[in-house]
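A structural walkthrough
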Amino acid sequence: MVQNNYKGALQHPICSGFNATSTTNNVIKGIDLTGKIAVVTGGNTGIGLETVKTLSAAGATVIVPARDTVKAKRNLEGIGGIEIEEMDLIDPLSVDAFAEKFLASGRPLHLLINNAGIMFVPVRHDANGNESQLATNYLAVFRLTARLWGALKKVKGARVINVSSVGHHWSAFNFDDPNFEDRAYDTLQAYGQSKTAVNLFSLELDNRAKTSGVRAYAVHPGSIWGTELTREAPKELLQQFGFLNDKGEVVQAVVDSLKTIPQGAATTIWAATSPLLANIGGVYLEDAEAAELTNDPSVFAGVKPFSLDEDSAKKLWLVTEELTGITFHPD
């Protein structure tokens, strides 16, 4: 029996019964999360907020770490079973402090949903010189997962859900120059590289961690309008993707063709709760289903083989330990 998803060995649909139009209400139906504890980064806006609402309604206690706790309290008002904590993903010390506080509570962690991310940003770096999309979308994910590992290991069947993107198609991981020190900065390549890293990490984490009973998944929510992901996007880039016309106005026909926020969060919820995934991990999911492998450059869907490559996944793990200063052995 195949035990890992290296080279996409497990990367094929598993007849989930859901599709691109399925919503969070569809995939959570019949699932009781009473007594479960979840951490959801980016849980006060967009698909993260929808994820938190859905988990809470199913009975879970949801911890929402946020850079702006005032904003988080406002956006999460009226939702039961919520705890808001301070954390800034681009600041390693802030991530460590959040994790230390959670571990000090002695509670187990059933679900870690690494949802927060940035996109379309200008070139900038964190305090350690790491490019900001790599730092926020991936290095912080590695750090938070490693720091919370003691709580995840307490639960047989805990899951780590890492929100990725079909944008990983834009770039493999550049091991020679991950921080754009020797090449011109391209925000789409930087984003793509960060999401390829998320896929490789999910793949390798699952393989290393399954003996502990913890499974990991990478999730593509789909294309969605109305979240904060495009808040720094240049007008020209949004025009290039067809979201804005030449006058800078929203093209409603394009927006209407995209997923709604409840549809976008559905794959995250499915990854976190579906019994169909109990014995499958390390896979890339989209449309509440396991995605197909693709090498066709004309198809902007599915998962690229380079983001499920065993050698790259193992190499990235070592590189990440060097970049973060964290030695992470999840077995």
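Everything below is about the structure shown above.
Overview of the structure.

Cut-offs applied
Residues numbered from 1 in each chain as written. Predicted model: local features only at pLDDT ≥ 70, side-chain atom pairs only at ≥ 80, totals over all residues. Heavy atoms only, no water. Helix = DSSP H or I, 4+ residues; strand = E, 2+ residues; numbered from the N terminus. Buried < 20%, exposed > 50% of the residue type's maximum accessible area, 1.4 Å probe, protein only. Contact = heavy atoms within 4.5 Å. 1 Å grid on protein atoms, 1.4 Å probe; cavity = no way out; pocket = protein on both sides within 12 Å on 5 of 7 lines; lining within 4 Å. Points joined across faces, edges and corners; volume = space filled by probe spheres on them. Nonpolar A, V, L, I, M, F, W, Y, C, P; charged D, E, K, R; others polar. Core = buried A, V, L, I, M, F, W, Y, C linked by side-chain atoms within 4.5 Å. Axes fitted to C-alpha atoms, helices over the stretch in contact; angles between N-to-C directions. Left-handed = near helix turned anticlockwise from the far one by under 90°.

Looking at the element boundaries, Leu-237 is found in helix α8 (residues 235-240). You can call Leu-237 buried: its relative accessible area is 12%. Sequence separation between Leu-237 and Phe-120 is 117 residues; the distance between their C-alpha atoms is 8.1 Å. Aside from chain neighbours lying at most four places away, what touches Leu-237 is Phe-120, Thr-187 and Leu-188.

The probe, sized like a water molecule, is rolled over the atoms to show the empty space still left. Estimated volume of the second largest pocket: approximately 360 Å³. What lines the second largest pocket is a set of 17 residues, and nearest its centre among them are Lys-156, Gly-157, Ala-158, Arg-159 and Ala-272. Of the residues contributing to the lining of the second largest pocket, the split by class is 8 nonpolar, 4 polar and 5 charged.

Core analysis: the biggest nonpolar cluster contains 49 residues, and Leu-109, Tyr-138, Leu-205 and Phe-328 have the highest contact counts within it. The leading source of residues in this core is helix α5 (residues 132-147), at 8 residues. If sequence neighbours within four positions are ignored, Leu-109 has contacts with Ile-37, Ala-38, Val-39, Phe-102, Leu-148, Ala-151, Leu-152, Val-155 and Ala-158. Judged by nonpolar contacts, the second largest core, of 33 residues, contains Val-40, Ala-66, Ile-161 and Tyr-217.

Helix α10 (residues 261-273) packs onto helix α2 (residues 46-57) with a crossing angle of 65° between their chain directions and a minimal axis gap of 8 Å. Along this stretch, α2 crosses α10, giving a crossing that reads as right-handed. Contacts from Gly-46, Ile-47, Glu-50, Thr-51, Thr-54 and Leu-55 of α2 reach α10 at Ile-261, Pro-262, Gly-264, Ala-265, Thr-268 and Ile-269. Grouping the amino acids of the contact of α2 with α10 by side-chain chemistry returns 6 nonpolar, 5 polar and 1 charged.

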